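So you can see what is in the structure, the chains are spelled out below.
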Amino acid sequence: ADPRDLSESLPFHGLLELALGPLDYFVLRYLFEDSFAIPVAGLLEEWLPIPVEFLPTATLAWCVQNLAAESVIARKLGLVKKKP
């Protein structure tokens, strides 16, 4: 059985998603402070009624920031690291 089936069957699942959206936004905003798109993507991931929670937003953002830091997508998403 898929563990997500159990969490989605809980009566407060929708409220939990609503509460986790802003928390997800602020954590992603802290981690990727120069990006607007990544925190918003995390918020929408929690709030959208379609199941997109399989997307690891923070992991994908970290990979782009650290493995493709000079790429066009990193610049567009605000994931270019500042030099110390």
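All values derive from a computational prediction rather than experimental measurement. (Residues numbered from 1 in each chain as written. Predicted model: local features only at pLDDT ≥ 70, side-chain atom pairs only at ≥ 80, totals over all residues. Heavy atoms only, no water.)

## A closer look at the overall build of the protein chain
Spelled out, the test is: Starting at the N terminus, helices and strands are each numbered in turn, a helix being any DSSP run of H or I of at least four residues and a strand any DSSP run of E of at least two. Any two residues having at least one pair of non-hydrogen atoms within 4.5 Å are treated as being in contact. Using a 1.4 Å probe, the Shrake-Rupley method yields the accessible areas, and only the shown protein chains count as cover for residues.
Helix and strand counts for the protein chain stand at 5 helices and 0 strands. In sequence order, the protein chain lays out its α and β elements as α-α-α-α-α. Look at the contacts in the protein chain between residues 6 or more apart in sequence, and 43% of them connect residues 24 or more apart. Total accessible area on the protein chain is roughly 6,200 Å²; 71% of this is exposed by carbon and sulfur atoms.

## Some details on the packing of aromatic side chains
To keep it simple, the criterion reads: Stacked, tilted and edge-to-face pairs are distinguished by plane angle, under 30 degrees for stacked and over 60 for edge-to-face with tilted covering the rest, among Phe, Tyr and Trp rings (Trp via its six-membered ring) whose centres lie within 6.5 Å.
What the rule picks out here adds up to 1 aromatic pair. Here the aromatic rings of Tyr25 and Phe26 are separated by 5.3 Å at their centres, their planes lie at 85°, and the arrangement is edge-to-face.

## Section: the nonpolar core
Using the following cut-off: Buried Ala, Val, Leu, Ile, Met, Phe, Trp, Tyr and Cys residues form a nonpolar core when they are joined through side-chain atoms within 4.5 Å. Partly exposed describes any residue whose relative accessible area lies between the buried limit of under 20% and the exposed limit of over 50%, with all areas from a 1.4 Å probe on protein chains only and scaled to the type maximum.
Formed by Leu28, Phe32, Ile38, Ala61, Val64, Ala74 and Leu79, the largest nonpolar core amounts to 7 residues. Setting aside residues no more than four positions away along its own chain, Ala74 makes contact with Val64, Ala68, Ala69, Leu79 and Val80.

## Some remarks on helix α4 (residues 57–67)
Selection criterion: As used here, the arc is the angular range of directions from the helix axis to the C-beta atoms.
For α4, the full list of buried residues reads Thr57, Ala61, Val64 and Gln65. Across the axial projection of α4, the buried residues extend over an arc of 95°, all falling on one side.

## Side note on the confidence of the model for the protein chain
If pLDDT is low for a region, its predicted coordinates should not be looked at in detail. Short version of the rule: How sure the predictor is of each residue is captured by pLDDT, a score from 0 to 100.
Per-residue pLDDT for the protein chain has a mean of 83; in total, 80% of the residues score no lower than 70. Mean pLDDT values over the elements of the protein chain span from 56, in helix α1 (residues 3–9), up to 94, in helix α5 (residues 72–77).

## Overview of a nonpolar patch on the surface
Spelled out, the test is: A patch consists of residues exposed above 30% relative accessible area that lack any salt bridge, with like charges linked at up to 9 Å and nonpolar side chains (Val, Leu, Ile, Met, Phe, Trp, Tyr) linked at up to 5 Å. Any carboxyl oxygen of Asp or Glu that lies within 4 Å of a side-chain nitrogen of Lys or Arg is treated as forming a salt bridge with it.
A surface patch of nonpolar side chains, about 590 Å² in accessible area, is lined by Leu16, Leu20, Leu23, Val27, Tyr30 and Leu31. Structurally, Leu16 can be placed in helix α2 (residues 13–31).

## A look at the side chain of Gln65
Positionally, Gln65 belongs in helix α4. When its relative accessible area of 13% is taken as the criterion, Gln65 is described as buried. Beyond its immediate stretch of four places on either side in the chain, Gln65 contacts Phe32, Leu79 and Lys81.

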